[in-house]
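Single-letter residue listing:
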Amino acid sequence: MQHLFILISDCFLTDSLLLIYLDIRRRAYIDKSAFVCAHQSTLLFQHYIYSILLPLNCLASMQMGEEAHFYGNAEVYWRDVPPTVDGMLGGYGSISNIDLNGSKAFLKKLIGEGEGKTGTMCALDCGAGIGRITKRLLLPLFQTVDLVDVTQEFLDQARTYLGEESKRVGHYFCTGLQDFVPEPGRYDVIWIQWVIGHLTDEHLVKFLERCQGALRPGGIVVIKDNVAYEGVVPDDVDSSVCRDLQIVRSLVAKAGLRIVHQEQQMDFPKEIYQVHTLALR
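All residue numbers here refer to positions counted from 1 along the written sequence of the relevant chain. Reporting in this predicted model follows two pLDDT cut-offs: at least 70 for local features of residues, and 80 or more for side-chain atom pairs to be given and counted; totals over whole chains, interfaces and linings ignore these cut-offs and use all residues. To obtain the side-chain values, all non-hydrogen atoms of the structure were included, while hydrogens and water were left out.

- As annotated in an unreviewed UniProt entry, the protein chain carries the name protein N-terminal methyltransferase and is attributed to Gadus morhua.
- UniProt positions are given in the numbering used here, feature names are shortened, and annotations may be inferred rather than shown by experiment. Its UniProt record gives the protein chain a comment under Subcellular location (unreviewed entry), which states: "Nucleus".
- The UniProt entry for the protein chain carries the following text under Sequence similarities (unreviewed entry): "Belongs to the methyltransferase superfamily. NTM1 family."

Below is the structure:
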């Protein structure tokens, strides 16, 4: 039972959720064929909370202290990560070329001349790290790129990693996206990759709203991220979450944006999450 009490204190369970748990426990004793023991019913309840109710009851209802803990732990984690491509990709540096080639094919469908296309003046790289995406995807396609990341060491390394092309970087912003306010009307493309899991639901919606205001006419916001199979999966190691596609879509809609194009990244290792790319206006 100890792990259940930890779960309750972490998620601030409401009375209705406690009643769900008690009902599962009651049925565990009445119908032994359905539930072998009360301990198994506890595990079932845990799965129910983490896969279904977590997005509604934890991320969406974090108090100020819990938010500070959530963001602070993430900052501590990234400060210990080496400023390398392998570090940026959690030890999966080998997938970088596959990722970038997929992103380039996706983006080229949306930029350039023609109806519905966006310009190539300026892009923003969110959660930029050392500039892996800036160097190989954005700088080859845009005149100017801005970088934003929560870790100063990564941005310092980006100046070296980008080499001569760093002269076309407009700004290096060191801040979390929950606090970042992009300049209104500046960007043709705002690229947000492998970082939305570090934002609470509320902060993600508000950040997307600010991004919408930061777009030039015809501009787009692109989210590329891991997608859970169901619900929300927490990761205590880097203090993040992975949402399922339905939840991501609902948060996008709540921010007043619509999906204009969507693809799944192919050819990634089978052991990692599915990765989807969404273009938003």
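Having seen the model, we can carry on.
### Structural notes on the overall build of the protein chain
Right, on to step 1. Runs of E in the DSSP output that reach at least two residues are strands. Runs of H or I that reach at least four are helices, and both are numbered from the N terminus. Along the backbone of the protein chain there are 10 helices and nine strands.
Right, on to step 2. Buried residues are those whose accessible area, probed at 1.4 Å on protein chains only, stays under 20% of the maximum for their type, while exposed residues exceed 50% and partly exposed ones sit between those limits. Here the protein chain holds 281 residues, and the buried ones make up 46% of them.
Right, on to step 3. Working rule for contacts: check all heavy atoms of both residues, and any pair within 4.5 Å makes them a contact. Long-range pairs, those at least 24 residues apart, make up 68% of the contacts in the protein chain with a sequence separation of at least 6.
Right, on to step 4. Areas reported as accessible are Shrake-Rupley estimates using a 1.4 Å probe. Residue values count occlusion only from the protein chains shown. When the accessible surface of the protein chain is totalled, it reaches about 13,700 Å², and 54% of it is carbon and sulfur.

### Considerations on the environment of tyrosine 187
Right, on to step 1. Relative to the assigned elements, tyrosine 187 resides in strand S4 (residues 187-193).
Right, on to step 2. Separated by 66 residues in the primary sequence, tyrosine 187 and methionine 121 place their C-alpha atoms 7.5 Å from one another.
Right, on to step 3. In contact with tyrosine 187, other than residues within four places in its own chain, are Cys122, Ala123, Leu124, Asp146, Phe173, Pro182, Ala214, Leu215, Arg216 and Gly219.

### Digging into the packing of aromatic side chains
Right, on to step 1. Aromatic contacts are taken between Phe, Tyr and Trp rings whose centres are within 6.5 Å, Trp giving its six-membered ring; a plane angle under 30 degrees counts as stacked, one over 60 as edge-to-face, and the others as tilted. Per the stated rule, a full pass over the model turns up five aromatic pairs.
Right, on to step 2. Considering the side-chain rings of phenylalanine 173 and phenylalanine 180, the 5.0 Å spacing of their centres and the 50° angle between planes classify their relative orientation as tilted.
Right, on to step 3. Taking relative accessible area as the criterion, phenylalanine 173 reaches 26% and is therefore assigned partly exposed.
Right, on to step 4. Three or more aromatic residues link up through ring pairs in this structure, and these residues are Tyr77, Trp78 and Phe154.
Right, on to step 5. Cation placement over rings: the criterion is NZ of Lys or CZ of Arg within 6 Å of the ring centroid and within 35° of the ring normal. In this structure, lysine 135 packs its charged tip against the face of tyrosine 161, placed 4.4 Å from the ring centre.
Right, on to step 6. Over the ring of tyrosine 172 we find arginine 159; its NZ or CZ atom is 3.9 Å from the centre of that ring.

### Here we look at the sheet that holds strand S8 (residues 259-264)
Right, on to step 1. With mixed pairing, seven strands are arranged side by side in an open sheet as S3-S2-S1-S4-S5-S9-S8. The two strands at the open ends of the sheet, each matched to only one other strand, are strand S3 (169-174) and S8. On average, each strand axis in the sheet is tilted by 15° relative to the strand beside it, whichever way the strands run.
Right, on to step 2. One bridge is not enough; two strands pair if DSSP finds at least two bridges between them. Here six bridges tie S4 to strand S5 (residues 215-227), and the two strands are oriented parallel to one another. Residue pairing across strands places tyrosine 187 opposite leucine 215, the latter belonging to S5. Only the contacting stretch of a helix is used when fitting its axis, a line to C-alpha atoms as for every element, and angles between N-to-C directions run 0 to 180 degrees.

### Some words on unusual backbone geometry
Right, on to step 1. The backbone of tryptophan 194 sits at a positive phi, close to 50°, despite the residue not being glycine.
Right, on to step 2. Locating tryptophan 194 in the fold gives a position in the loop between S4 and helix H9 (201-213).
Right, on to step 3. The class of tryptophan 194 is partly exposed, set by a relative accessible area of 23%.
Right, on to step 4. Backbone geometry at serine 239 places phi at a positive 55°, although glycine is not the residue there.

### Overview of the nonpolar core
Right, on to step 1. Cys126, Ile190, Ile192, Phe207, Leu208 and Val221 are the most contacted members of the largest nonpolar core, which totals 35 residues.
Right, on to step 2. Contributions of two or more residues to this core are made by helix H4 (64-79), strand S1 (122-126), S4, H9, S5, helix H10 (245-254) and strand S9 (274-280).
Right, on to step 3. Here, nonpolar core means buried Ala, Val, Leu, Ile, Met, Phe, Trp, Tyr and Cys residues that are tied together by side-chain atoms lying within 4.5 Å of each other. Among the nonpolar cores identified, the runner-up in size contains 24 residues, and Leu137, Trp191, Ile220 and Ala279 belong to it.

### Notes on H10
Right, on to step 1. Taken together, the buried positions of H10 are occupied by Leu245, Ile247, Val248, Leu251 and Val252. Each buried residue of H10 lies within a common arc of 160° when the element is viewed along its axis, so the set occupies one face. Every exposed residue of H10 that faces more than 90 degrees away from the buried side is listed here: Gln246 and Lys254.
Right, on to step 2. In the analysis that follows, any N or O atom pair within 3.5 Å is treated as a polar contact, provided that within protein one partner can donate a hydrogen and the other can accept it, and provided that, for residues neighboring in sequence, both atoms belong to side chains. One side-chain oxygen of the residue at the start of H10 lies 3.1 Å from the amide nitrogen of glutamine 246, identifying that residue as aspartate 244. Taken from the helix axis, the directions to the C-beta atoms give the arc we talk about.

### Observations concerning the packing of H9 against H10
Axis angle and axis distance: for two packed helices, these are the angle between their axes and the distance between the axes, and together they describe the pair.
Right, on to step 1. Viewed as axis vectors pointing N to C, H9 and H10 meet at an angle of 50°, and their least axial separation amounts to 8 Å. The angle between H9 and H10 falls in the class oblique. H10 is crossed by H9, and the crossing has right-handed handedness. Where H9 abuts H10, its residues Asp201, Leu204, Val205, Leu208 and Glu209 lie against Leu251, Val252 and Lys254.
Right, on to step 2. Just so you know the grouping, Ala, Val, Leu, Ile, Met, Phe, Trp, Tyr, Cys and Pro go in nonpolar, Asp, Glu, Lys and Arg go in charged, and all remaining residues, Gly too, go in polar. Partitioned by chemical class, the residues of the contact of H9 with H10 number five nonpolar, no polar and three charged. Small angles under 35 degrees read as roughly parallel and large ones over 145 as roughly antiparallel, with 65 to 115 read as roughly perpendicular and the rest as oblique. Crossing chirality is assigned from the near helix's rotation relative to the far helix, an anticlockwise turn below a right angle marking it left-handed and a clockwise turn marking it right-handed.

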